[in-house]
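Structure assessment
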Amino acid sequence: MALFDLPLDELRAYRSRSAEPADFDAFWTATLQEARSHPLDARFEPVPTGLSTVDVYDATFAGFGGHPVKGWLVLPAAAAAPLPLVVEFLGYGGGRGLPHTHLLWASAGFAHFVMDTRGQGSGWATGDTPDPVGSAPAYPGFLTRGVEDPESFYYRRVFTDAVRAVEAARSHPLTDAARTVALGTSQGGGITLAVAGLVPDLAAVAPDVPFLCDFPRAIRLTDRNPYREVGLYLNTHRASVERVTRTLAYFDGVHFAARGTAPALFSTALEDQTCPPSTVFAAFNSYAHDDKEIEVYDFNGHEGGGPFQEAARLRWLPQRLPASA
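Here we summarise the structure given alongside this text.

What the chain contains, in helices and strands, is eleven helices and nine strands. Relative to its length of 325 residues, the chain is compact, with a C-alpha radius of gyration of 19 Å against a globular reference of 20 Å. Counting only C-alpha atoms, the chain reaches 55 × 40 × 35 Å along its principal axes. Counting over 325 residues, the chain shows a buried share of 58%. With an accessible surface of roughly 12,900 Å², the chain has 54% of that area assigned to carbon and sulfur atoms.

As structure tokens, this is what we get:
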């Protein structure tokens, strides 16, 4: 598919029409307060992997509702002093997979925490975290689970898990809380933006081709899943457009971006029909911190920059980290 969205000069000026709920901050403050009423109970169990350059820990912590959420903590072997920390969130349908697939950041000298995404982990990588919360009728996938009400929406649980993942990773004695970075690709990029808006003291964030942004445009512009799940749900639930629109506004990356307090490196691809570039630019253009950059891949789809974006992150992130204590 050739270019299908706005021209690049218009993308750089584009602003979302997503209406921010008046109680957006109150909603998220109450949600996180409830989650923090449960002990974090962060645990790190050593895992034998046969890898000689890293030490791996099977992590468990209490997320939304106190539910146990899994993750991996990967450290450079024999690390002795607190390390800068990368907390990574995963793409749609995937779980934390196997430890040997997460070697990049430990190889660069970071502590690397990978959060498993509740209820996912059967699309392209295995997961180990169930979602014990039920849902009203939904279109297959995750994007319409509980979508008639912000209180019951699936991503309320996921975004809360993500904030708690940062807290859990920071609780390990070999991670440096002051040098914490959040990043992810696609769904992971959308979760990263939520964390950017909900955790005020990150050192940097790097959302790559982020999903979950500018819902009013996204669900009407592309017929690719996952956004198409919303249209197919409303195709059947025809009286629910207003309720669904209201719910999605509480989870729109545009509104979290407006609260971002850390330097940010975004990326987008101009042939991406899964997360159209205008939806990514909507979040980028709203991002509140002055130190923000966006890598644009002219002839790529949802794969975005792939290893080129990884290289860009490796160049960019160390320059944003404060000196170690």
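So, on to the layout of surface pockets. Any empty space left between atoms is shown by rolling a water-sized probe over those atoms. Its boundaries defined by the atoms lining it, the largest pocket holds a volume of some 580 Å³. Contributing to the lining of the largest pocket are 28 residues, with E88, L90, W124, T185 and E310 lying nearest its centre. Mapped onto the lining of the largest pocket, the elements with two or more residues apiece are β4 (83-89), α3 (104-107), β6 (175-185) and α11 (307-316). With four residues, α11 is the largest single contributor of residues to the lining of the largest pocket.

In this section: the environment of E45. Mapping E45 onto the fold places it in strand β1 (residues 43-47). Along the primary structure E45 and D58 are separated by 13 residues, whereas in three dimensions their C-alpha atoms are 5.0 Å apart. In this structure E45 touches V56, Y57 and D58, once residues within four positions along its chain are discounted.

Here is what the cut-offs are and how they apply
- Residues numbered from 1 in each chain as written.
- Predicted model: local features only at pLDDT ≥ 70, side-chain atom pairs only at ≥ 80, totals over all residues.
- Heavy atoms only, no water.
- Helix = DSSP H or I, 4+ residues; strand = E, 2+ residues; numbered from the N terminus.
- Rg over C-alpha atoms; globule rule 2.2 N^0.38 Å.
- Buried < 20%, exposed > 50% of the residue type's maximum accessible area, 1.4 Å probe, protein only.
- Areas by Shrake-Rupley, 256 points an atom, 1.4 Å probe, with all protein chains shown as cover.
- 1 Å grid on protein atoms, 1.4 Å probe; cavity = no way out; pocket = protein on both sides within 12 Å on 5 of 7 lines; lining within 4 Å.
- Points joined across faces, edges and corners; volume = space filled by probe spheres on them.
- Contact = heavy atoms within 4.5 Å.

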